[in-house]
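If you want the building blocks of each chain, they are given just below.
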Amino acid sequence: DVVMTQSPLSLPVTLGQPASISCRSSQSLVYSDGNTYLNWFQQRPGQSPRRLFYKVSNRDSGVPDRFSGSGSGTDFTLKISRVEAEDVGVYYCMQGTHWPRTFGQGTKVEIK
Amino acid sequence: QLQLQESGPGLVKPSETLSLICTVSGDSISSSTYYWGWIRQPPGKGLEWIANIYRTGSTYYNPSLKSRVTISVDTSKNRFSLNLTSVTAADTAVYYCVRGLNTWGQGTLVTVSS
């Protein structure tokens, strides 16, 4: 299985400050069609996960533009330009290139 | 508006079969180009892919669960289901049904305990 490793696992952030989460895969996530199937999810407390990005940097509908996704190959990053209170939760990366699909351990974002 | 709703027993005894249904509204399983699937999350832990199925009937099962899992579709009722046999305490989790990855149900907690 492809191992997805996130860091940090805990991220205390001051409101209005930026935040960055790293996700590394044990194998390249470039598929034979040339696409890279790396997704990011946000799970707010008590809620179902919600996808934020697909194929690395494609923002889902309704996702604020303070969120951005980037990366390639095996190294990916989710950034929040200015953290707001509603961004508190756990963030997961997930690869959709290889079977079985696998998730990172999650990064818990909290307000300092 | 697309909605997915999980239903099933909240408590299952060890060695028995866990059976869940996901009822879909706002899209047709038989015509959708998306896949339909199940993902689970043990309490306080991360996410695990279980299985998915396409409208063609093509399925994928996580190898770690493959011998115990079956996913199926009932197009007449626009719903799909999950069966997980020989459950243990390790199968205690919130089970989510999904359409692709962009729509999730609210999740249902299944506890395995005698």
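Thresholds, definitions, all that
- Residues numbered from 1 in each chain as written.
- Chains lettered and ligands numbered in written order.
- Predicted model: local features only at pLDDT ≥ 70, side-chain atom pairs only at ≥ 80, totals over all residues.
- Heavy atoms only, no water.
- Disulfide = S-S within 2.5 Å.
- Helix = DSSP H or I, 4+ residues; strand = E, 2+ residues; numbered from the N terminus.
- Buried < 20%, exposed > 50% of the residue type's maximum accessible area, 1.4 Å probe, protein only.
- Pairing = 2+ DSSP bridges.
- Axes fitted to C-alpha atoms, helices over the stretch in contact; angles between N-to-C directions.
- Salt bridge = Lys/Arg side-chain N within 4 Å of Asp/Glu carboxyl O.

Visitor: Please clarify how the state of the cysteines should be interpreted in this entry.
Guide: Covalent bonding between the sulfur atoms of two cysteines is what defines a disulfide. Inspection of the entire model under this criterion finds two disulfides over all chains. A disulfide bridge connects Cys23(A) with Cys93(A), and the sulfur atoms are separated by 2.1 Å. Residues Cys23(A) and Cys93(A) share a disulfide whose torsion about the S-S bond is about 75 degrees; that sign makes it right-handed. Residue Cys23(A) is located in strand β3 (residues 19-25), and its partner Cys93(A) is located in strand β9 (residues 89-95); the two are separated by 70 residues in the primary sequence. Here the two residues Cys23(A) and Cys93(A) agree in accessibility, since each one is buried. For Cys22(B), the disulfide goes to Cys97(B), at an S-S distance of 2.1 Å. Around the S-S axis, the bridge from Cys22(B) to Cys97(B) shows a dihedral of about 60 degrees and counts as right-handed. With Cys22(B) in strand β3 (residues 18-25) and Cys97(B) in strand β9 (residues 93-99), this residue pair connects regions lying 75 residues apart in the sequence. For Cys97(B), a relative accessible area of 0% puts it in the buried group.

Visitor: Explain the sheet that holds β3(B) here, please?
Guide: In any sheet, the strands associate via hydrogen bonds between backbone groups, in a parallel or an antiparallel arrangement. Residue and element names in this part refer to chain B. One open sheet accounts for four strands, arranged β1-β3-β8-β7; its pairing is antiparallel. At either margin of the open sheet sits one strand with a lone partner, and together these are β1 (3-7) and β7 (69-74). With strand direction ignored, the average angle separating the axes of adjacent strands in the sheet is 20 degrees. Across six bridges, β7 lies against strand β8 (residues 79-84) in antiparallel orientation. In the strand pairing of β8, Asp74 is matched with Arg79.

Visitor: Help me understand the pattern of salt bridges, please; the structure alone is not making it clear to me.
Guide: Residues and elements named next belong to chain A. Tallying each qualifying case throughout the model produces nine salt bridges over all chains. Its salt-bridge partner being Glu84, residue Arg66 comes within 3.5 Å of it at the nearest N-O pair. One end of the pair, Arg66, is in the loop between β6 (58-59) and β7 (67-72); the other, Glu84, is in the loop between β8 (75-80) and β9, with 18 residues separating them in the sequence. Here Arg66 falls in the buried class, since its relative accessible area comes to 9%. Because the salt bridges share partners, they merge into one network encompassing Arg66, Glu84, Glu86 and Asp87.

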